[in-house]
Amino acid sequence: MPTVTAPFTPSDDKNTAMNIRLTIDGHQVDATLNDSATARDFAALLPLTLNLSDFHQTERIADLPRQLSTSGAPDAAEARPGDLAYYAPWGNLALFYRGSGSSDAGLIILGRVNGDTERLATATEVTIETAS
């Protein structure tokens, strides 16, 4: 019986962290996605424009157009200010402007905002796209 192997992709052999750009209420901020399978699945959705709402005065959240793959995701994560994350149980994106204070098994860190995260506290809309 022949052996079937998965197709080779460049991410199989090297770090493919991706630079992205967030436009938060008209102001651009650079960010970096990590090299996880969930972050790569998120990157496949870009560009995205999302409406944001506040959650627990620690993060801005938005619904994504579809669930992301959580294959190989770590068991738990504690968010820090500037983290871009995916909350798998609800299928939403979270942009943290304060730390979460505890680990959550459903929270998958996708990357980090590079720089000022204070604007996130009052943000109502974000556009996320790959940086050139």
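Described below are features of the structure shown in this document. Not measured: the values here are computed from a predicted model.

For the rest of this paragraph, the subject is unusual backbone geometry. Cis peptide bonds are those with omega within 30 degrees of zero, and the linkage from L46 to P47 qualifies with 5 degrees. With respect to the secondary-structure elements, P47 resides in the loop between α1 (37–43) and β3 (48–51). Notably, D25 is not glycine yet its phi reads approximately 45 degrees, a positive angle. Topologically, D25 is positioned in the loop between β1 (18–24) and β2 (27–33).

With that settled, the discussion passes to the environment of D25. Residue D25 is classed as partly exposed on the basis of its relative accessible area of 35%. Put simply, D25 and E125 are 100 residues apart on the chain and 5.6 Å apart in space, counted from C-alpha to C-alpha. Beyond its immediate chain neighbours, meaning those up to four positions away, D25 contacts T122, A123, T124 and E125. A polar side-chain atom of D25 sits 3.0 Å from a polar atom in the side chain of T124. In terms of polar contacts, D25 uses its side chain to reach the backbone amide nitrogen of E125, at 3.1 Å.

Its place among the elements puts T58 in the loop between β4 (53–55) and β5 (59–63). Take T58: its relative accessible area is 16%, and that puts it in the buried class. With residues up to four places along the chain from it excluded, the contact list for T58 reads L95, F96, Y97, R98 and G99.

On to the sheet that holds β1. Taken together, the nine strands give an open sheet; going across it, the order is β3-β9-β1-β2-β8-β6-β7-β5-β4, and neighbouring strands pair in antiparallel fashion. Every interior strand has two partners, whereas the edge strands, β3 and β4, have only one. Strand-to-strand twist of the sheet, defined as the mean angle between neighbouring strand axes without regard to direction, takes the value 30 degrees. Where β5 lies against strand β7 (residues 92–96), five bridges are found, and the strand directions are antiparallel. Bridging across to β7, D63 finds its partner in N92.

This part is about the side chain of E59. Residue placement: E59 occurs in strand β5. One buried charged side chain, E59, makes no salt bridge at all; its nearest oppositely charged neighbour is R60, positioned 9.7 Å away. Not counting chain neighbours up to four residues away, the residues in contact with E59 comprise S53, D54, A94, L95, F96 and Y97.

Reading the values: the criteria
Every chain begins its residue count from 1, and numbering advances along the sequence as written. Local features in this predicted model are restricted to residues of pLDDT 70 or higher, and side-chain atom pairs are both shown and tallied only at a pLDDT of 80 or more, whereas totals for entire chains, interfaces and linings draw on every residue. The side-chain figures draw on all heavy atoms in the structure; neither hydrogens nor water molecules are used. A run of H or I in DSSP becomes a helix once it reaches four residues, and a run of E becomes a strand once it reaches two; helices and strands are each numbered from the N terminus. Each residue is assigned to one of three classes by its accessible area relative to the maximum for its type, calculated with a 1.4 Å probe on protein chains only: buried under 20%, partly exposed between the two thresholds, exposed over 50%. Should any heavy atoms of two residues lie within 4.5 Å, those residues are considered in contact. Here a polar contact means two N or O atoms within 3.5 Å. Within protein one must be a hydrogen donor candidate and the other an acceptor candidate, and residues neighboring in sequence count only if both atoms are side-chain atoms. Two strands are said to pair when DSSP picks up at least two bridges between them. Axes, fitted as lines to C-alpha atoms, cover a helix only where it is in contact. Angles between the N-to-C directions of the axes lie from 0 to 180 degrees. Charge counting follows a simple rule: Lys and Arg are positive, Asp and Glu are negative, and His as well as the terminal groups are ignored. Every case where a carboxyl oxygen of Asp or Glu lies within 4 Å of a side-chain nitrogen of Lys or Arg is listed as a salt bridge.

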